[in-house]
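# Structure at a glance
Residue-level listing of the chains:
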Amino acid sequence: MAVPAPAKAVRALEATAAALVLLWCVHFRGGLALNSPTNKGLIFNLTAVQVHPVLMLIGLIILGSEAIMSYKTLPWNRGTNKIVHLVLHAVALFLGSFGVYAAFKFHNESGIDNLYSLHSWVGLGAILLYGLQWVSGFATFFFPGASPTLRRAVLPYHARAGLVAYVLALLAAELGFLEKITFLQAGAAGVGRYSSEALMVNFTAIVVSLLGASVVLYVTAPGQQNEHILGYSAVHKP
């Protein structure tokens, strides 16, 4: 099974977003670290900066995108695709949770208040909804598993809730990019409004937006379905 053109476009955007965030954290922000006694900002780079840079982007955005698209892009049967979908979301949730932990660690060790910004509220809401969605999906579709009739009835709502969690993660990312670059411009770092770093952060945010829009449009587009292919296009079902 050839990879559909829209999925190739999504993966090109994923690779671009990951490269840009890594470039930002390593080249402009000084690198990555979980423990840094001299520069607490490196802890922040590892986890969130603008969606909690590396961990949050790779977890909730990139792996989340791949999990959402798995029913349309993978060549295997429905049962195998379901396991891949479950595992990808589990890894995404783990990385996202670790990213949230690192952000709290950075704030606590730097004497910064927690959960005061819209970015933090939306981000926490996204990770909580993501977790609830994964647990409910596991119990309904995997183990112990609901009856076939109930699974079929729940599927469209499961798909919608998953997309809501994904869009919340995207929104948290955009708010994070804006928040961090605003702090850098107003603080001691003195990042210029038209500096290379500021322009790159803006461009990265646009790439992430295009990535999210492409995923949502691709997986919700009407397509042929049967007993072996049941994915997010189920949102069109009554």
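The rules behind each value
Residue positions within a chain follow its written sequence, with the count starting from 1. Where local features are concerned, this predicted model is filtered to residues with pLDDT of at least 70; where side-chain atom pairs are given and counted, the filter is 80 or more; whole-chain, interface and lining totals use all residues. Side-chain figures throughout are based on the complete set of non-hydrogen atoms in the structure, without hydrogens or water. Here a strand is any run of E in DSSP of at least two residues, a helix any run of H or I of at least four, and the numbering for each starts at the N terminus. What makes a nonpolar core is a set of buried Ala, Val, Leu, Ile, Met, Phe, Trp, Tyr and Cys residues whose side-chain atoms join them at distances within 4.5 Å. Burial classes: relative accessible area under 20% of the type maximum marks a residue as buried, over 50% as exposed, and values in between as partly exposed (1.4 Å probe, protein chains only). Residue contacts follow a heavy-atom distance rule, with two residues in contact if any of their heavy atoms lie within 4.5 Å. pLDDT is defined as a per-residue confidence score from the predictor, taking values between 0 and 100. UniProt positions are given in the numbering used here, feature names are shortened, and annotations may be inferred rather than shown by experiment. Expected span of a helix, by definition, is 1.5 Å for each gap between consecutive residues, and there is one gap fewer than residues. Fitting axes to the seven residues ending at a residue and to the seven starting there, one defines the bend at that residue as the angle between these axes. Only centres within 6.5 Å qualify two rings of Phe, Tyr or Trp (six-membered ring in Trp) as a pair; their planes then separate them into stacked at under 30 degrees, edge-to-face at over 60, and tilted for everything else. Sitting over a ring, as applied to charges here, requires NZ of Lys or CZ of Arg to be within 6 Å of the ring centre and within 35 degrees of the ring normal.

As a further point, take unusual backbone geometry. Backbone torsion omega between F143 and P144 reads 0 degrees, so that peptide bond is classified as cis. As for its placement among the helices and strands, P144 is situated in the loop between α5 (118-142) and α6 (148-186). Residue L115 is not a glycine yet carries a positive backbone phi of 55 degrees. Here L115 lies in the loop between α4 (78-110) and α5.

On to the nonpolar core, then. If you look at the biggest cluster of nonpolar residues, it comprises 45 residues, and the most contacted ones within it are L57, F177, V208, L211, V215 and V219. Of all the elements, helix α7 (residues 196-220) adds the most residues to this core, at 10 residues. Non-local contacts of V208, meaning those with residues more than four positions away in its chain, are made with A17, L57, L170, A173, E174 and F177.

Residue-level pLDDT values for the protein average 86, and 84% of them are 70 or greater. Across residues 45-51 the pLDDT falls below 50, and counting only partners more than four positions away or on other chains, this stretch makes 43 contacts in the model. Low confidence marks residues 225-229, where pLDDT is under 50. Its contacts with residues over four positions away, or in another chain, come to 9 contacts.

Attention now moves to the UniProt feature "transmembrane region" (unreviewed entry) in the protein. In the numbering used here, UniProt assigns the feature "transmembrane region" (unreviewed entry) to residues 12-30, 42-63, 83-104, 124-145, 157-178 and 198-219. Between the C-alpha atoms that bound residues 124-145 the distance is 28 Å, and the span itself is 86% helix and 0% strand. Counted over residues 157-178, helix gives 100% and strand 0%. Its end C-alpha atoms are 32 Å apart.

What follows concerns the environment of N81. Tracing the backbone shows N81 in helix α4. In this structure, the C-alpha to C-alpha distance between N81 and Y71, residues 10 residues apart in sequence, is 5.9 Å. Those residues in contact with N81 that lie beyond four places of it in its chain are S70, Y71, L74 and W76.

Next up on the list: helix α3 (residues 53-73). In a regular helix each residue adds 1.5 Å, so 21 residues correspond to 30 Å; α3 covers only 26 Å between its end C-alpha atoms and thus falls short of that length. At G64, α3 shows its maximal kink, close to 30 degrees. A large share of α3 lies buried, amounting to 19 of its 21 residues.

Within the fold, A7 resides in helix α1 (residues 5-28). Using a relative accessible area of 0% as the deciding quantity, one classes A7 as buried.

Our next topic: the packing of aromatic side chains. Overall, the coordinates contain 5 aromatic pairs when judged by the stated rule. Their ring planes at 35 degrees and their centres at 6.2 Å tell us that W24 and F177 sit as a pair that is tilted. Of this pair, W24 sits in helix α1 while F177 sits in helix α6, and the two are 153 residues apart along the sequence. Positioned above the aromatic ring of Y218, the side-chain terminus of K72 is 5.2 Å from the ring centre. In this structure, R160 packs its charged tip against the face of Y157, placed 5.6 Å from the ring centre.

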